[in-house]
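Below, each chain spelled out in residue letters.
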Amino acid sequence: MKQVAIVIPVYNEAENLALFLKETASVCDAIPGYDFTWLFVNDGSTDGTLTELRRLSSENGQIQYLSFSRNFGKESAIYAGLQHAEGDFVILMDGDLQHPPALIPSMLEAVTDGGFEAAGAKRKASLSSRMFTGINNRVSSVKLEKGATDFMCMSRKFVDSVLKLSESQRFSKGLFAWVGFEIKWLDYEQGPRAGGKSKWSSSKLVHYAADGITSFSILPLRIVTIVGAVISLLAFIYIIATLIKTWITGIDVPGYVTTLCAILFLGGLVLLAIGILGAYIGRIYLESKDRPLYILDESSEQKDEPDEKQSN
Ligand code: UDP
Ligand code: MG
């Protein structure tokens, strides 16, 4: 029997857990030749998620959980889940049933018989998501699939490769692409959440997109350098021309509009450049602190886990 671990990051999903288990189990039970376990990662939920997980795992040995001391974010929960998941294959999915369990059989097939190290689900991407992917693929050497989600089935080799990337500013979709294995993409239609609300706000998404680009590309830095160089060159030519003109025709009536425009334009450009630089320095700052990605509070193993640090 091959072992498959389903990893589910959950944040305030108490009302969805039972239904999620029922739906996934009914699909998994029908797949012969595999043993499934469920590993929930409770990302500091403030509703009854943890109580529900304790109850479910005491009733059923196939259900395990890790629980964080506070909300560390989905990326940290994914990392913790991948670290702790045992088995030949790991399936990563959301706990709100927006990732249809019906895809699991074809995903498993792709990584077993299909010769892929990973299979992922992709949906019709929204305009903003297509724009982000488009920009990312232009500026970064790590190409993302349009509409790709992090609903993925991965081989042990794939999981171990992803775990080698232990950066604390994580952008999983990019990391899954970075490790290089070809991913089989399966299309699906995303339905509404089973219950509750999405935890993403539009400002969070903008940050996430900016993080995605700065984690995989330094092209923005190159662009400001080139823009700076071009402007310096033009300014130099302009200075020489003005000097020669002044020398021949004498001093003109000074035009303050030109001066003002130049100062404002350059001032804006300098601030923009500093901002871009700052984004990268910010990443270095956060990364250099080398803080753990999460702190475990308890888990179904009940082994006294030491303060969980990224073990690599
Ligand atoms: N999630 C999490 N930590 C967070 C936010 C979300 O573990 O800080 C989980 C959430 O419980 C769900 C999955 O990540 O299982 C996807 O979240 P959500 O459904 O809110 O995102 P959306 O589907 O709107 O992109
Ligand atoms: Mg969702």
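One can find the structure itself at the top, above this paragraph.
Cut-offs and rules
Residues numbered from 1 in each chain as written. Chains lettered and ligands numbered in written order. Predicted model: local features only at pLDDT ≥ 70, side-chain atom pairs only at ≥ 80, totals over all residues. Heavy atoms only, no water. Salt bridge = Lys/Arg side-chain N within 4 Å of Asp/Glu carboxyl O. Helix = DSSP H or I, 4+ residues; strand = E, 2+ residues; numbered from the N terminus. Buried < 20%, exposed > 50% of the residue type's maximum accessible area, 1.4 Å probe, protein only. Near = heavy atom within 4 Å. Areas by Shrake-Rupley, 256 points an atom, 1.4 Å probe, with all protein chains shown as cover. Patch = residues over 30% accessible without salt bridge, like charges linked within 9 Å, V, L, I, M, F, W, Y side chains within 5 Å. Pairing = 2+ DSSP bridges.

Draft legend 1. Structural view of the pattern of salt bridges. Counted by the stated rule, this structure contains 13 salt bridges. Two residues, Arg-54 and Glu-298, come together in a salt bridge whose shortest N-O distance is 2.8 Å. Here Glu-298 lies in strand β8 (residues 296–299) and Arg-54 lies in helix α2 (residues 49–59), a separation of 244 residues in the sequence. Look at Arg-54 and you get partly exposed, because its relative accessible area is 38%.

Draft legend 2. Representation of unusual backbone geometry. The phi dihedral of Asn-12 is positive, around 55°, even though this residue is not glycine. Positionally, Asn-12 belongs in the loop between β1 (2–10) and α1 (14–28). We classify Asn-12 as partly exposed; its relative accessible area is 22%. For Leu-97, which is not a glycine, the phi torsion comes out positive at approximately 65°. Classification of Leu-97 by relative accessible area gives buried; the value is 18%.

Draft legend 3. Representation of the site of ligand 1. Taken together, the neighbourhood of ligand 1 is formed by 16 residues, with Glu-13, Asp-43, Asp-96, Arg-193 and Ser-198 sitting nearest. Here ligand 1, which alone exposes 530 Å², has 89% of that area covered by the protein.

Draft legend 4. View of a nonpolar patch on the surface. Together, Ile-226, Val-230, Leu-233, Leu-234 and Ile-237 make up a nonpolar patch on the protein surface, roughly 490 Å² of accessible area in all. Mapped onto the fold, Ile-226 is located in helix α9 (residues 219–249).

Draft legend 5. Focus on the pairing of strand β5 (residues 118–122). Of all five residues making up β5, five are buried, and the element is well covered by its neighbours. Side chains Ala-118, Gly-120 and Lys-122 project from β5 onto one buried face, and the interleaved Ala-119 and Ala-121 project onto a second face that is buried too. With four bridges joining them, β5 and strand β6 (residues 148–155) adopt antiparallel strand pairing. Opposite Lys-122, over in β6, you have Ala-148 as the bridge partner. Where β5 and strand β7 (residues 183–187) come together, five bridges link them in parallel fashion. Across the sheet, Lys-122 pairs through a bridge with Asp-187, a residue of β7.

Everything listed is a geometric property; what it means functionally is a separate question.
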